[in-house]
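Here is how the chains run, residue by residue.
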Amino acid sequence: TLPDLPVPPVQDPGTGMLEGPYRSLLSRVERVAFLGLLVAAVLSFVVVAALDFRSHRHDTAQASQAWVQALAVQVESAVVFGDSGAAQETVAAAAVYPNVLEVLVTGVGVDGVLAAHPLQSGVNSVSAHLASWPRADRMWSTELSVFGSVVSAGERVGTVHALIDLRPMWRSVVQHALILL
């Protein structure tokens, strides 16, 4: 017996479609155009999402920095006089700012933390405690570290350090990205 030879594809006269793996030039052009549009849509989505992320992070950083500067002005007299109780009350009242994870107030010549929220026990070395904070300078970080100088009579007398939660910002970016889809 002779082996079966492959049958070349033939055009079905009823549909005009090729039978087999071969496609017409028009169907190939349609496929390339569709893939090109798909790539363009994905690229535009990525660009819009990146711009949205950049805008949200910038706005969050500016608002957090303004809040820290306002808090630095509010705790100025407590830092100047080394009044830990007054500084603690001011920090506790100001910590209602949304997304605050932690606030530390330090004073020049004051050993350790003058005030903190949440109140931490056993914080001896401010630099060691700040070093334990997560690195907030990475693009995908969920925390933002900001600080402001406490200034009295033109001299720096202390510092306000704050750790801000960026997860609400990330939720907003993801929601906007899902809307774009």
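First, a word on what this report is: a plain description of the structure on this page. (Residues numbered from 1 in each chain as written. Predicted model: local features only at pLDDT ≥ 70, side-chain atom pairs only at ≥ 80, totals over all residues. Heavy atoms only, no water.)

## So, the packing of aromatic side chains
(1) Moving on: Under the definition given, this model contains two aromatic pairs.
(2) Moving on: Ring plane angle 25 degrees and centroid distance 4.8 Å describe the contact between phenylalanine 53 and tryptophan 170, whose orientation is recorded as stacked. In this pair, phenylalanine 53 sits in helix H1 (residues 25–74) while tryptophan 170 sits in helix H5 (residues 167–180), placing the two residues 117 residues apart along the sequence. One exposure class covers both phenylalanine 53 and tryptophan 170, and it is buried.
(3) Moving on: Taking the centre distance of 4.9 Å and the plane angle of 20 degrees together, the rings of tryptophan 67 and tyrosine 97 count as stacked. You can see tryptophan 67 sitting in helix H1 and its partner tyrosine 97 sitting in the loop between helix H3 (84–94) and strand E1 (100–107), a full 30 residues away along the chain. (Phe/Tyr/Trp six-rings, centres within 6.5 Å; stacked < 30°, edge-to-face > 60°. Helix = DSSP H or I, 4+ residues; strand = E, 2+ residues; numbered from the N terminus. Buried < 20%, exposed > 50% of the residue type's maximum accessible area, 1.4 Å probe, protein only.)

## What about unusual backbone geometry?
(1) Moving on: Of note in this structure, asparagine 99 is not a glycine but carries a positive phi near 70 degrees.
(2) Moving on: Secondary-structure assignment places asparagine 99 in the loop between H3 and E1.
(3) Moving on: In the Ramachandran plot, alanine 153 falls in the positive-phi region, its phi being about 55 degrees despite a non-glycine side chain.

## Side note on the pattern of salt bridges
(1) Moving on: Evaluation of the coordinates by the stated rule reveals one salt bridge.
(2) Moving on: When the shortest N-O distance is used, the salt bridge between arginine 167 and aspartate 165 registers 2.9 Å. (Salt bridge = Lys/Arg side-chain N within 4 Å of Asp/Glu carboxyl O.)

## Brief notes about the nonpolar core
(1) Moving on: Counting residues in hydrophobic clusters, the biggest one holds 27 residues, and the most contacted among them are Trp67, Val75, Val103, Val105 and Val160.
(2) Moving on: At the level of elements, H1, helix H2 (76–80), H3, E1, strand E3 (143–152), strand E4 (155–165) and H5 are the ones that each hand at least two residues to this core.
(3) Moving on: Considering each element in turn, this core owes the most residues, five residues, to H1.
(4) Moving on: Ignoring sequence-local partners within four residues, the contact set of valine 103 consists of Trp67, Leu71, Val91, Ala115, Ala116, His117, Val160, His161 and Ala162. (Core = buried A, V, L, I, M, F, W, Y, C linked by side-chain atoms within 4.5 Å. Contact = heavy atoms within 4.5 Å.)

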